[in-house]
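Chains, contacts and geometry: an overview
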Amino acid sequence: MKHTLAISLAMLLASPAYAAETLRYVALVDNGKQAGHQIVTTGDDGVTRVDYVFKDNGRGPELKEEFKLAPDGTFTSYHVTGSTTFGAPVDESFGRDGNKVWWKSTSDSGEQATDGTALYSPLGGTPAGFSVAFAALAQRADGKLPLIPSGTLSTRKVTEAEVSNGKEKRKVQLLALTGVGLVPQFVWATTDAKPRLFAFIYPGYLQLIEDGWAANGAALEKQQKQAESEALVAFQQRLAHPLKGSTLIRNARVFDSEHATLGAASDVLVRDGRIVSVNAAGGKAEADNVIDAGGRVLLPGLFDMHGHLGRWDGGLNIATGVTTVRDMGNDNATLQQIMAEEKAGTLLSTRIVPAGFIEGESKMSARNGFVVKNLDEAKKAVDWYAEHGYPQVKIYNSFPKDALRETAAYAHSKGLRVSGHVPAFMRAQDVVEQGYDEIQHINQVMLNFLVDDKTDTRTLERFYLPAEKVADLDFDSKPVQDFIAMLANKQIAIDPTLSTFEFVRQRAGQVAESYAPVADHMPPDIQRGLKVAEMKIPDDATAARYEKSYLKMVEFVGRMYKAGVPIVAGTDAIPGFTVHSELEWYVRAGMTPAQVLQIATWNGAKYSRTLDDRGSITPGKLSDLVLIDGDPVANISDIRKVAMVLKGDTAYYPSEIFEAMGIRPFVAPVKVAGH
């Protein structure tokens, strides 16, 4: 749902004799469209002030930051105010007096004794923190920087590049930061003795780069992607366990996803990435490799039907049993690269089902895929996706509504499914009538009863209206019942992403229920970040109302399912873990764990049009299999106890992947004998 910038930036001050200086950065999306800025001003009083704004897809943070630095380059004082992507207030402070440090944000506070150099890691900071970190790290002989409240930041130089602005040239370096987040963070810095941020690039999405040097962005992005490729190849080689010949999984209780039942113990034989046979346990079959399931539950690989894939997402997905992700909107070139790397086996990745993103041109457009102005351009986008083997397209918020019916018909004529958000100034029942096969997000469904033809749902209204008004909806009223009946009669699939939308009720300082079961397994900085709220919830009355609205959205998903509306399990949030919490919410909505597992396997394959080769444990299908050290048919929360994942002819042990990412494993691995 959102791209976030992790750390913060600033000008490093060399000595008490401060010199006033201003640095400007531009934030670019969609190959050069400006979506924001960062202005960093260091005053002659030694205070650095940062003005940061980033707006894309009708939302984004606005932050004002100021701080002072000690001689070792770390914060002596720090303060940031503003708003998050979805409008929650940001107000965070830090101070240091000798060995005593303290901090306070809207979600946490604390104080501790700290000896020597240590850098405070802000929760709500701007990208300006990169400069502070780089310069402080440059003063450390061991290349490691202790963090406050906890952790250690380290960096290594990956490569260099020469950049030019027409008048001058300079060298910049690509640095890989580790110790914050779950994967390395790649950032471009200057090569000064006290380096600072030059560019932060999120490949395929964002380039934040020093003003006047933006023409270098494409070349730097290309070089960065190549450098990341080398790290990603090493990651895959370290964690993948290729299996040659045949593999026998002995004594596994096989989940029948077509009928939503758990069978008796079986032996499953696979060879060359395919399932060969499923027979009663205890047979005489032999194989080159053996996995003793010990009576554990064997599931088909799970589907995440709503991802926006990055190249580092595969670790979390595979480790949580997700072997296929439907990508619901991406930079086309980036997604094509990820798909090629997955097929080549060089990337730790799920299998990928692409959905082609088509947006309309407006000031609030999301800049993924194709952004079109009219029907002709929309048809050309459909043609490109059809030619590249995409099974469906996804329509977005600013799509020109007058072109919707004909675009949907044209996509259908090319054999593509049509899904998406409900374009502004339309309702869900309108898009269904005009050709949608599927709707993304529970808020887009609920807005059907909350908007009129003047409501601009490209703004934050698409989040705040459901939070405010679903609490009062009468689900037994005729308009609501008629709408559910229409969805069922037309077999319109719904991708609710309930885990993502729990943010509408999360208050600062609380961990959302979707993340509570995994929070204490995470590194400290991730645990701290899970307590940050996104919505503006000013008082207890508002909180109670948003809570009621959210739980009614959960109830509505259950009502749709019971009426025969197809449900698919998507996340649009932190990979992997939110598939598990999504399934838990479906149980809360009234479905049985077996029905929910069917949604995550059989329905995923059916509605991604991959049922011929996945979605069930059936001879001839791909051997994408997940071994659970528990019984998720009895207790859906056992879905987190993933002991082994087989993707084709490669085994993965989730405990190894989690440990490589700084996450405490959930269960011990079940390994291939002899591996």
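Everything that follows concerns the structure shown earlier in this document.
In what follows, the accompanying structure is described. (Residues numbered from 1 in each chain as written. Predicted model: local features only at pLDDT ≥ 70, side-chain atom pairs only at ≥ 80, totals over all residues. Heavy atoms only, no water.)

A count of helical and extended segments in the protein gives 17 helices and 32 strands. Dimensions along the principal axes, computed over C-alpha positions, put the protein at roughly 80 × 65 × 50 Å. Out of the 675 residues in the protein, the part that is buried amounts to 59%. Taking as baseline every contact in the protein between residues at least 6 positions apart, the subset at least 24 positions apart corresponds to 64%. If you sum the accessible surface of the protein, you get close to 25,000 Å²; carbon and sulfur atoms cover 48% of it. (Helix = DSSP H or I, 4+ residues; strand = E, 2+ residues; numbered from the N terminus. Buried < 20%, exposed > 50% of the residue type's maximum accessible area, 1.4 Å probe, protein only. Contact = heavy atoms within 4.5 Å. Areas by Shrake-Rupley, 256 points an atom, 1.4 Å probe, with all protein chains shown as cover.)

So, on to the side chain of Lys225. With respect to the helices, strands and loops of the structure, Lys225 is situated in helix 2 (residues 217–239). Buried charge without a salt bridge: Lys225, with Glu221 as the nearest opposite-charge side chain at an N-O distance of 4.6 Å. The contacts of Lys225, once residues within four sequence positions are left out, are Pro203, Arg311, Thr334 and Gln337. (Lys, Arg positive; Asp, Glu negative; His and termini not counted. Salt bridge = Lys/Arg side-chain N within 4 Å of Asp/Glu carboxyl O.)

Further remarks concern unusual backbone geometry. Look at the link from Ile148 to Pro149: it is a cis peptide, with omega at 10°. With respect to the helices and strands, the residue Pro149 is situated in the loop between strand 10 (144–148) and strand 11 (152–164). The phi angle at Ala260 is positive, at roughly 55°, despite the residue not being glycine. Note that Ala260 resides in the loop between strand 17 (246–256) and strand 18 (261–271). In this structure Ala260 comes out as buried when scored by relative accessible area, which is 17%. Positive phi, close to 70°, is recorded for Phe425, a residue that is not glycine. For Phe425, the location among the structural elements is in the loop between strand 27 (417–420) and helix 7 (428–433).

Moving on to the packing of aromatic side chains. A complete count under the given rule lists 30 aromatic pairs for this structure. Each ring, one from Trp384 and one from Tyr385, has its centre 5.4 Å from the other, and the planes form 85°; the classification is edge-to-face. A relative accessible area of 24% places Trp384 in the partly exposed class. Among the aromatic residues, those joined into a ring-pair cluster are Phe67, Phe75, Tyr78, Phe94, Trp103 and Tyr120. The lysine or arginine in question, Arg170, covers the ring of Trp213, its NZ or CZ lying 4.3 Å from the ring centre. (Phe/Tyr/Trp six-rings, centres within 6.5 Å; stacked < 30°, edge-to-face > 60°. Lys NZ or Arg CZ within 6 Å of the ring centre and 35° of its normal.)

All right, on to the pattern of salt bridges then. In this structure the tally under the stated criterion is 38 salt bridges. Note that Arg49 and Glu66 form a salt bridge whose closest N and O atoms lie 3.9 Å from each other. Residue Arg49 is found in strand 3 (residues 48–54), and its partner Glu66 is found in strand 4 (residues 62–69); the two are separated by 17 residues along the sequence. A relative accessible area of 38% means that Glu66 is categorised as partly exposed.

Here strand 20 (residues 289–292) shows a buried face lined by Asn289 and Ile291 and an unburied face lined by Val290 and Asp292. In this structure, strand 17 lies alongside strand 20, joined through four bridges in parallel fashion. Within strand 20, the residue paired with Thr247 across the bridge is Asn289. (Pairing = 2+ DSSP bridges.)

Put simply, helix 14 (residues 540–562) and helix 15 (residues 577–588) touch, their axes get as near as 8 Å, and they point 80° apart. With respect to their mutual orientation, helix 14 and helix 15 come out roughly perpendicular. Side by side, helix 14 and helix 15 meet where Tyr550, Leu551, Val554 and Val557 of the first sit next to Trp585, Tyr586 and Arg588 of the second. The residue makeup of the contact of helix 14 with helix 15, split by class, is six nonpolar, no polar and one charged. (Axes fitted to C-alpha atoms, helices over the stretch in contact; angles between N-to-C directions. Parallel < 35°, antiparallel > 145°, perpendicular 65-115°, else oblique. Nonpolar A, V, L, I, M, F, W, Y, C, P; charged D, E, K, R; others polar.)

The next thing to look at is the environment of Gly564. Mapped onto the elements, Gly564 comes out in the loop between helix 14 and helix 15. Along the primary structure Gly564 and Gly124 are separated by 440 residues, whereas in three dimensions their C-alpha atoms are 43 Å apart. In contact with Gly564, other than residues within four places in its own chain, are Ala488 and Gln491.

Of note, Thr578 is situated in helix 15. Excluding anything up to four places from it in sequence, Thr578 contacts Ser499, Tyr515, Thr571 and Ala573. Within the structure, Thr578 has its side chain in polar contact with the backbone oxygen of Ile574 (distance 2.5 Å). (Polar contact = N/O pair within 3.5 Å; in protein donor to acceptor, adjacent residues only side chain to side chain.)

Its location among the elements puts Val451 in the loop between helix 8 (442–446) and helix 9 (461–469). For the pair Val451 and Glu461, spaced ten residues apart in sequence, the C-alpha to C-alpha distance is 9.7 Å. Among residues more than four places away in sequence, those in contact with Val451 are Met426, Arg427, Thr457 and Leu465.

Ile442, Met535, Phe556, Met560 and Tyr586 are the most contacted members of the largest nonpolar core, which has 128 residues in total. It is helix 14 that contributes the most residues to this core, eight residues altogether. Judged by nonpolar contacts, the second largest core, of 43 residues, contains Val29, Tyr52, Val80 and Phe134. (Core = buried A, V, L, I, M, F, W, Y, C linked by side-chain atoms within 4.5 Å.)

We now examine helix 16 (residues 593–607). For an α-helix, 3.6 residues make a turn, and residues three or four places apart therefore share a direction. Look at helix 16: 20 Å from first C-alpha to last across 15 residues, which is about the 21 Å you get at 1.5 Å a residue. Within helix 16, 13 of the 15 residues are buried, which leaves the element mostly enclosed by the surrounding structure. (Expected span 1.5 Å × (residues − 1).)

Attention now goes to helix 1 (residues 129–138). Most of helix 1 sits inside the fold, with nine of its ten residues counted as buried. Along helix 1, the residues classified as buried are Gly129, Phe130, Ser131, Val132, Ala133, Phe134, Ala135, Ala136 and Leu137.

Moving on: the pairing of strand 15 (residues 206–210). The element strand 15 is largely enclosed, with a buried count of five among its five residues. In this sheet, strand 15 lies alongside strand 1 (residues 21–29) in antiparallel orientation, the contact comprising five bridges. Note on strand 15: the bridge partner recorded for Val29 is Leu206. As paired elements, strand 14 (residues 197–202) and strand 15 share four bridges and run antiparallel to each other.

What follows deals with the layout of surface pockets. By volume, the second largest pocket amounts to about 410 Å³. Lining of the second largest pocket is provided by 22 residues; of these, Asn31, Gly204, Gln207, Glu221 and Asp331 occupy positions nearest its centre. Broken down by secondary-structure element, the contributors of at least two residues to the lining of the second largest pocket are strand 1, strand 15, helix 2 and helix 4 (332–344). No other element matches the five residues that helix 2 contributes to the lining of the second largest pocket. Here the residues of the lining of the second largest pocket are counted per class, giving seven nonpolar, nine polar and six charged. (1 Å grid on protein atoms, 1.4 Å probe; cavity = no way out; pocket = protein on both sides within 12 Å on 5 of 7 lines; lining within 4 Å. Points joined across faces, edges and corners; volume = space filled by probe spheres on them.)

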